[in-house]
Amino acid sequence: MGTVTRGTTNPNRLRRMDRWIAAVHGAELRRAADPVAVDLGYGAAPWTAVELLTRLRTAAPRARVVGVEIEPARVTAAKPYEREGLVFRHGGFEVPVPRRPHLIRAANVLRQYDEGDVAAVWERLRARLAPADGRSRGGLLVEGTCDEIGRRHVWVALGPEGPRTVTFATRLGSLDRPSDLAERLPKALIHRNVRGEPVHAFLRDFDRAWASAAPYASYGARQRWIRSVRDLAADWPVTDGPTRWRQGEVTIDWRALAPRN
């Protein structure tokens, strides 16, 4: 179920998203008896699924990864890369795995879809996640977009209950100002970067904080970013802290950026 994507992929392209997942969702994966992650729409080559397994296992050694692709020829080409903990399956948004996964990563998949399609896809994928219980918040869907070599990335994290957060991540040396990340907003937000919408106001305020933090540039782009996020947090619900900011990240509560309608 779904549409064949262009399949563009490069080694190490999703490193920022992977590292964030391992840091933020690693504890949930460790608690699971059989933690399964799905790399949905991995593309013309299997690099991202191979890398996801390696990075998840730094946080959850028992994690397994299933690469899912809607194009059969891509699945056939990926089969030689299967190994313990890594398999490839033909499929799409139905997520053809026997158990509900604890993670679904869908990077650069919805970019080609219409904005009106996003809510239904999110709902379908969330319904496939492992449910919340007394010990766990449930599985995590991470859906977003990045550039071709992974320097700039924005993603939404969703649980079984709905969207939770939006994360902006960048190689700081590539950034002139934070609003440069607007071109990598996920489909649910990219057309909302207009006056009157929360995401537009957020990026405007982020640029202002970045300009105000210009004196910190003499200490490096990382220190300027950290100071900018500290100032931004006075008016926006930043959900992470300096450990993540140092990575060139900032995470915001979804409700603050959600489209008005």
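Refer to the preceding data block for the structure.
Residues numbered from 1 in each chain as written. Predicted model: local features only at pLDDT ≥ 70, side-chain atom pairs only at ≥ 80, totals over all residues. Heavy atoms only, no water.

**Some details on the packing of helix α6 (residues 198-212) against helix α7 (residues 221-232)**
Inference 1: Orientation of α6 relative to α7, taken along the N-to-C sense of each, is 125°, at an axis distance of 8 Å. Compared by their axis directions, α6 and α7 come out oblique. Crossing of α6 over α7 shows right-handed handedness. Between α6 and α7, the residues in contact are F202, D205, F206, A209, W210 and A211 and A221, R224, W225, S228, V229, D231 and L232, respectively.
Inference 2: The residue inventory of the contact of α6 with α7, partitioned by class, reads nine nonpolar, one polar and three charged. (Axes fitted to C-alpha atoms, helices over the stretch in contact; angles between N-to-C directions. Helix = DSSP H or I, 4+ residues; strand = E, 2+ residues; numbered from the N terminus. Parallel < 35°, antiparallel > 145°, perpendicular 65-115°, else oblique. Left-handed = near helix turned anticlockwise from the far one by under 90°. Contact = heavy atoms within 4.5 Å. Nonpolar A, V, L, I, M, F, W, Y, C, P; charged D, E, K, R; others polar.)

**Looking at the packing of helix α1 (residues 15-31) against helix α2 (residues 47-59)**
Inference 1: Relative orientation of the contacting elements α1 and α2 amounts to 45°, with a least axis distance of 8 Å. By the angle between their directions, the pair α1 and α2 is classed as oblique. Taken as a pair, α1 and α2 cross one another with a handedness that is right-handed. For the pair α1 and α2, contact is made by R15, D18, I21, A22, G26, L29 and R30 and by E51, L52, R55, L56, T58 and A59, respectively.
Inference 2: Of the residues contributing to the contact of α1 with α2, the split by class is six nonpolar, two polar and five charged.

**Points about the pairing of strand β2 (residues 64-69)**
Inference 1: Of all six residues making up β2, five are buried, and the element is well covered by its neighbours.
Inference 2: Note that the unit made of strand β1 (residues 36-40), α2 and β2 has a crossover that is right-handed.
Inference 3: Pairing of β2 with strand β3 (residues 86-90) involves five bridges; the strand directions are parallel. Bridging across to β3, V65 finds its partner in L86.
Inference 4: With helix α3 (residues 72-78) bridging β2 and the parallel β3, this β-α-β connection has right-handed handedness. (Buried < 20%, exposed > 50% of the residue type's maximum accessible area, 1.4 Å probe, protein only. Right-handed = clockwise from strand over helix to strand, strands pointing away. Pairing = 2+ DSSP bridges.)

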